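# Fold and geometry: a report
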Amino acid sequence: MKLGIVGLPNVGKSTLFNSLTKAGALAANYPFATIDPNVGVVNVPDERVDKLAELYNSKKKIPAVIQFVDIAGLVKGASKGEGLGNQFLANIRECDAIVHVVRCFENSNIVHVDGSIDPIRDIETINLELLFSDMEIIERRYSKIAKQSRMDKTLQKEVAMLERLKKFLEDGNMASAFELKDEDEEAYFSTYDLLTSKPVIYAANVSEDDIADDAANNDFVKKVREKAEADNAQVYVVCAEMEQEMSELDDDERQMFLEELGMKESGLDKLIKASYKLLGLISFLTSGEDETRAWTIKEGTKAPQAAGKIHTDFERGFIRAEVVSYDVLMQYGGEKGAKEAGLVRLEGKDYVVQDGDVIVFRFNV
């Protein structure tokens, strides 16, 4: 999973990236401090991996991972090449979802590119640039397909859809809200890779004073939450500066820091949960003496396809899956106890894998 962290210059984007990845990306108080996309791979915190590794005396622990891409700040006119616009748009197109960092704090020492704090204006600035870029892509596609359809009648269905989509975007709508009529249209649409079709998480960046009560009294955050509800997006509140400070602490110190603030989890944990929910992802686990590992799959994935995440041979030669839930495994002290209780199940090709399933796949190639 690749998440692109975006936002206007000086909203705390690179500071948040630093806190998430400890990668030390340049964070400076001037526009375009980030020129090349910084990429960091982050382990997904999952205590199930740690506890299973203890239970099985595993030599290695391999958690699931998320890739974060810190992408250069965007300004008005980016879709026309202003600032670092074209580079920005190319980088974000490769991501599965967008983490949109929105400034929700006042600080006279940190300049805002538009001179004042207005999160809704900032969101709309970026959305408009994404929309302009999408409109250009659809216009080019429409011109090409409309011309070809004169000779090839099978293309007329896509032409009709492109006409609807073009009008929809020109009216200022995001592609994510466009209604697709059938599987053919879904297939066409998926090839366009439109920026405004990507899922969005708004990261409301607040001051340290606002973080303890989840910014309940921050009017900027209230507006972002209203906007997210209208856009069918996720919101999470974060203090990027504080997260960066916490990233430099060891695990015990970090836990004490969170407890002092009355917080149960860090911004990273909240962001990962929001990302998983947004993209419909879950994790299943495999465990043994060699390694314990978490595997990320889409919700609704069946057993053979989940096996294919480990190796294509597992999917091709799938026979069955031996499945036990993590909670059952821990309750009965391991596989032996779970088997004696009759709670290790044999599942076939139609089994839909659940979050927290611990699985042994049987296959024959």
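Residues numbered from 1 in each chain as written. Predicted model: local features only at pLDDT ≥ 70, side-chain atom pairs only at ≥ 80, totals over all residues. Heavy atoms only, no water.

### Some remarks on the overall build of the protein chain
- Each helix and strand in the protein chain was counted, giving 15 helices and 12 strands.
- Across the 365 residues in the protein chain, those meeting the buried criterion constitute 50%.
- Sequence separation of at least 24 residues holds for 69% of the intrachain contacts in the protein chain that already meet a minimum separation of 6.
- For the protein chain, the accessible surface area stands at approximately 18400 Å², while carbon and sulfur atoms represent 47% of it. (Helix = DSSP H or I, 4+ residues; strand = E, 2+ residues; numbered from the N terminus. Buried < 20%, exposed > 50% of the residue type's maximum accessible area, 1.4 Å probe, protein only. Contact = heavy atoms within 4.5 Å. Areas by Shrake-Rupley, 256 points an atom, 1.4 Å probe, with all protein chains shown as cover.)

### Side note on the nonpolar core
- Judged by nonpolar contacts, the single largest core of 71 residues is most densely connected at Leu 16, Phe 68, Cys 104 and Tyr 202.
- The greatest single-element share of this core, amounting to 7 residues, is contributed by helix α11 (residues 267-279).
- Apart from residues no more than four positions distant in its own chain, Phe 68 is found in contact with Leu 3, Ile 5, Phe 17, Leu 20, Thr 21, Asn 38, Val 39, Gly 40, Val 42 and Leu 271. (Core = buried A, V, L, I, M, F, W, Y, C linked by side-chain atoms within 4.5 Å.)

### A word on the pattern of salt bridges
- Under the defined criterion, the tally for this structure stands at 25 salt bridges.
- Note that Lys 227 is salt-bridged to Asp 231, the shortest N-O span being 3.5 Å. Of the two residues, Lys 227 and Asp 231 are both situated in helix α8 (residues 219-231); the distance of 4 residues between them amounts to about one turn of the helix.
- Owing to a relative accessible area of 18%, Lys 227 belongs among the buried residues under this scheme. (Salt bridge = Lys/Arg side-chain N within 4 Å of Asp/Glu carboxyl O.)

### Regarding the environment of Met 135
- In this structure, Met 135 sits in helix α4 (residues 119-149).
- Accessibility expressed as a relative area gives 25% for Met 135, which makes it partly exposed.
- Residues Met 135 and Leu 169, 34 residues apart in the sequence, show an inter-C-alpha distance of 6.5 Å.
- Excluding anything up to four places from it in sequence, Met 135 contacts Leu 169 and Glu 170.

### Quick look at the sheet that holds strand β4 (residues 65-70)
- Within the open sheet, the 6 strands sit side by side as β2-β4-β1-β5-β6-β7. Their pairing is mixed. This sheet does not close on itself; its edge strands, each paired only once, are β2 (38-43) and β7 (234-238). Each adjacent strand pair in this sheet contributes to an overall mean axis angle of 25°, direction not counted.
- Pairing analysis gives 6 bridges linking β2 to β4, with the strands arranged antiparallel. Of the residues in β4, the one forming a bridge with Val 41 is Gln 67.
- Along the sheet, α4 makes contact with β5 (97-103) and β6 (200-205), crossing β5 at roughly 145°. (Pairing = 2+ DSSP bridges. Axes fitted to C-alpha atoms, helices over the stretch in contact; angles between N-to-C directions.)

### As for the confidence of the model for the protein chain
- On average, residues of the protein chain carry a pLDDT of 85, and 90% of them reach 70 or more.
- A low-confidence stretch, residues 25-35 (pLDDT under 50), is modelled with 33 contacts involving residues beyond four sequence positions or located in other chains. (pLDDT = per-residue confidence, 0-100.)

### Section: the packing of aromatic side chains
- The final tally for this structure, using the stated rule, is 7 aromatic pairs.
- The interplanar angle of 15° and the centroid separation of 6.4 Å between the aromatic rings of Phe 284 and Trp 295 together place this pair among those described as stacked. Of this pair, Phe 284 sits in strand β8 (residues 281-287) while Trp 295 sits in strand β9 (residues 291-298), and the two are 11 residues apart along the sequence.
- Taken together, the ring pairs in this structure connect Phe 168, Phe 178, Phe 189 and Tyr 192 into an aromatic cluster.
- The positively charged end of Lys 166 is found above the aromatic ring belonging to Tyr 142, 5.2 Å away from the centroid.
- Against the face of Trp 295 rests Arg 293, its NZ or CZ located 4.1 Å from the ring centre. (Phe/Tyr/Trp six-rings, centres within 6.5 Å; stacked < 30°, edge-to-face > 60°. Lys NZ or Arg CZ within 6 Å of the ring centre and 35° of its normal.)

### Re the side chain of Ser 14
- Within the fold, Ser 14 resides in helix α1 (residues 13-21).
- Overall, the relative accessible area of 9% leaves Ser 14 in the buried class.
- At 2.9 Å, the side chain of Ser 14 forms a polar contact with the side chain of Asp 70. (Polar contact = N/O pair within 3.5 Å; in protein donor to acceptor, adjacent residues only side chain to side chain.)

### Some words on the environment of Lys 157
- Among the secondary structure elements, Lys 157 is positioned in helix α5 (residues 156-170).
- Along the primary structure Lys 157 and Glu 185 are separated by 28 residues, whereas in three dimensions their C-alpha atoms are 8.3 Å apart.
- Those residues in contact with Lys 157, other than ones at most four positions away along the chain, are Asp 182, Asp 184 and Tyr 188.
- At 2.6 Å, the side chain of Lys 157 forms a polar contact with the side chain of Asp 182.

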